[in-house]
2 protein chains.
Amino acid sequence: MAQLNHETTTGDVLSAYLQGQATEFLRSLRLHRESTTDAQGAEESLLAARALRRAARRIGGTLHTFRPLLDQEWAAGLRPELAWLSGTLAREHAYAARLVRLLDALHRLSGAPAVPAPVAAGAVAGGGRSAGRNGWAVPRGADDQSSAPRGLTVGAAKAAALLERQLTLARTRAHSAALQAFGSSRFHAVADNVAVLASEVPLTRATDDLKLLAAGAEEELTNAVAALPLGQAGHPYNAEALTHGLAADADAAPEAQDVPWLKTRDLLRLHRYAREVLAGCPGDDLRLADASRALDRHRDAADAASAAASAARTPRIAPATAYALGVLHADQRHEVEAARFAFHQAWLRETEAVSTP
Amino acid sequence: MAQLNHETTTGDVLSAYLQGQATEFLRSLRLHRESTTDAQGAEESLLAARALRRAARRIGGTLHTFRPLLDQEWAAGLRPELAWLSGTLAREHAYAARLVRLLDALHRLSGAPAVPAPVAAGAVAGGGRSAGRNGWAVPRGADDQSSAPRGLTVGAAKAAALLERQLTLARTRAHSAALQAFGSSRFHAVADNVAVLASEVPLTRATDDLKLLAAGAEEELTNAVAALPLGQAGHPYNAEALTHGLAADADAAPEAQDVPWLKTRDLLRLHRYAREVLAGCPGDDLRLADASRALDRHRDAADAASAAASAARTPRIAPATAYALGVLHADQRHEVEAARFAFHQAWLRETEAVSTP
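Just so it is clear, the structure is predicted and the values come from calculations on it, not from any experiment.

What follows concerns the overall build of chain A. The number of helices and strands found in chain A is 10 helices and 0 strands. Across chain A, the fraction of contacts at a sequence separation of at least 24, relative to all contacts at a separation of at least 6, is 79%. Summed over its atoms, the accessible surface of chain A is roughly 16200 Å², and 53% of this surface lies on carbon and sulfur atoms.

Put into structure tokens, the structure is as follows:
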């Protein structure tokens, strides 16, 4: 792929990156179509959908960061469509991963051995674990509200069964929504646009420097990080992530304090994609990868904590189930706090390295 | 008080310390008796009981560490009696402090402002907070099992009311037990023995070095610390303290992993008292005080976590109450983990300072 040097123009570099990602998008789409006609192709289908989302995110991010160099109307029209597509595809994976995270946590909290995920290596981490295989022996009639809690392991088993039911249902719905999306005219329009991109990138005559635009993305990230409570996050066991964990007021709920972290996650992605454009190939700085992983963990744990809290609001659950869900919620909020600490460590390493050229 | 130098003998130093503590014991006992006849003397009574426990612990610890220098039979008889007395007196304070800790945590988790403790400064931290003042508006009929959970703050309020009921009852029983102990012939025998000690310490003719015996206490502590999982504790967010938090098997329950830490707390006390004997006066090394505070916090948080788990086993509680108690249990187990981390930091500072004289 093209390297950014004096012999290649700004347009060449940007075109090469976008064409590469568009080609990857179309290849994944073809793989996905072939795999879904095959009964044994579930894993291949998952991998193809993942590659498709990956390319869609990169194209969308690049259209945003380098928008002065691209046909404005075209880019502004395509970007939300790519976001819609990757969002729709991500949901099924997210529900599967969330269930695995929560069941693993319940096993850890109960001192039970974790159930190995039945999906083959290479698929999304444990994402294919099927319903009804959570490894818990739920006592017969255990969901009967009139039965007194017979110890907390019963509670953990019932919490696992409840989460499995709710998240499997959500996953099935997300799967249907994704299938529907693939058959929609809206999707075909996105695919057509990406096919155009693969052959020719609609550049403007603007000569803005790629590095300057990439620096803009980095500055937005730096500003977002500066607004984070990093000092607090770097102090272990600050107990901040669980504050307001029992609040009724949604504005004070833990989710509100997650917002700047989730925004930073988005901006870190844009920064990483802009670096890829400049480098001409995918690949990541080790420290940025660590920071990125910490923010992924933050997002996953926060969503898992919400799912546990939401399951606890199911009517007529037994007190032991609710207790286990409370422990699980707090456990995942501490994971959120741990992720912030990990981001703090990775980020400090990053800025140190920058200040010592 | 006597300083350990060539002009004072081993016996003089030990006698001076024990006589000082015995005098303090008798003074506190007198204060306690006077205060309890006065209706406004509740706070004074708490302070006197605390001073009494403090002296009883120091006398008992000294009888143990320096036992070769003391009349064996006398020391072996008095020590368990002192432990019985300080244990009986400690219970009332412990229940009060546990309730304050749990209510403060529930307020923090709900984002509600903490209710200031109505006791005057100098009394045990918040220990005097009275029943019915937990600052929660529990909805009418909220304890009715048939009412669906109306949001988690209702759960937190009901959890607070339940804990307040249970721990206030336990505290009241402990108070009665303490009053009964003060009137018992068993107590009078202890007081008589301490009065003997205040006038004359029953020394043997053994000439063992005080420093050597104190070093023995330090070695026991060092061995106990070496057996702790300190490497793990020093890694923030290791999530170890909550492992098995939902286990039904008592041996795998979190309490089992607390045992070596609680033992270390006892041995650290013995080491600190032995240092006081050598120094001839109370007072602590700053690092040992930090390590000691961390282990106190470990014990308090572990007991609070157990109280929350135990309250969750109350029959017929609402799911929202059980959920709040689950969050609270996990929060306190993370406090346990934070305390282990704090001990690790304090202890490393300690040994560094020792190796750099």
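To continue, consider the relation of the copies chain B and chain A. You can overlay chain B on chain A at an RMSD of 0.0 Å; the transform is a turn of 180° with a shift of 0.0 Å along its axis. Both chain copies can therefore be described as sitting about a two-fold axis.

Our focus in this paragraph is the confidence of the model for chain A. All names here are of chain A. The predicted model of chain A has a mean per-residue pLDDT of 84, with 80% of residues at 70 or higher. Note that residues 1-7 has pLDDT below 50 and, in this model, 12 contacts with residues that lie over four places away or in other chains. Confidence drops under pLDDT 50 across residues 116-135; counting only partners more than four residues distant or on other chains, this segment forms 45 contacts.

Another point: the interface of chain B and chain A. Across the contact, 40 residues belong to chain B and 40 residues belong to chain A. Taking both partners together, chain B and chain A bury about 3500 Å²; carbon and sulfur atoms supply 69% of that area. The interface formed by chain B and chain A contains 0 salt bridges. Those elements that place two or more of their residues in the side of chain B that touches chain A are α3 (72-110), α4 (152-182), α9 (286-312) and α10 (319-355) of chain B. A total of 14 residues in the side of chain B that touches chain A trace back to one element, the largest contributor, which is α10(B).

Attention now goes to helix α8 (residues 254-279) of chain A. Residue and element names in this part refer to chain A. Between its terminal C-alpha atoms α8 stretches 38 Å, which fits the 38 Å expected from 26 residues at 1.5 Å a residue. Most pronounced at P260, the bend in α8 amounts to some 30°. Of the residues trailing α8, G280 is marked for its positive phi of about 85°.

A separate point is the side chain of H298(B). All names here are of chain B. By the element assignment, H298 lies in helix α9. Engagement of the side chain of H298 in a polar contact is seen with the side chain of R340, the distance being 3.0 Å. Ignoring any residue separated from it by four or fewer positions in sequence, one finds H298 in contact with D258, W261, L262, V336, A339 and R340.

With that settled, the discussion passes to the packing of aromatic side chains. Counting across every chain of the model gives 9 aromatic pairs over all chains. An angle of 85° between the planes, with centres 6.0 Å apart, marks the rings of W261(B) and F343(B) as edge-to-face. With W261(B) in helix α8 (residues 254-279) and F343(B) in helix α10, this residue pair connects regions lying 82 residues apart in the sequence. If you follow R186(A) out to its NZ or CZ, it ends over the ring of W84(A), 4.2 Å from the centre.

Another point: the pattern of salt bridges. All names here are of chain A. A complete count under the given rule lists 26 salt bridges over all chains for this structure. Across the pair R27 and E24 runs a salt bridge whose closest N-O atoms are separated by 3.0 Å. With a gap of 3 residues between them, R27 and E24 both fall in helix α1 (residues 10-36), about one helical turn apart. When its relative accessible area of 38% is taken as the criterion, R27 is described as partly exposed. Taking relative accessible area as the criterion, E24 reaches 26% and is therefore assigned partly exposed. Shared partners join several salt bridges into a network, and the residues in it are R101, R297 and E335.

About the criteria used
Residues numbered from 1 in each chain as written. Chains lettered and ligands numbered in written order. Predicted model: local features only at pLDDT ≥ 70, side-chain atom pairs only at ≥ 80, totals over all residues. Heavy atoms only, no water. Helix = DSSP H or I, 4+ residues; strand = E, 2+ residues; numbered from the N terminus. Contact = heavy atoms within 4.5 Å. Areas by Shrake-Rupley, 256 points an atom, 1.4 Å probe, with all protein chains shown as cover. Least-squares fit on C-alpha atoms with pLDDT ≥ 70 in both. pLDDT = per-residue confidence, 0-100. Buried area = accessible area lost by both parts, 1.4 Å probe. Salt bridge = Lys/Arg side-chain N within 4 Å of Asp/Glu carboxyl O. Expected span 1.5 Å × (residues − 1). Bend = angle between axes of the 7 residues up to and from the residue. Polar contact = N/O pair within 3.5 Å; in protein donor to acceptor, adjacent residues only side chain to side chain. Phe/Tyr/Trp six-rings, centres within 6.5 Å; stacked < 30°, edge-to-face > 60°. Lys NZ or Arg CZ within 6 Å of the ring centre and 35° of its normal. Buried < 20%, exposed > 50% of the residue type's maximum accessible area, 1.4 Å probe, protein only.

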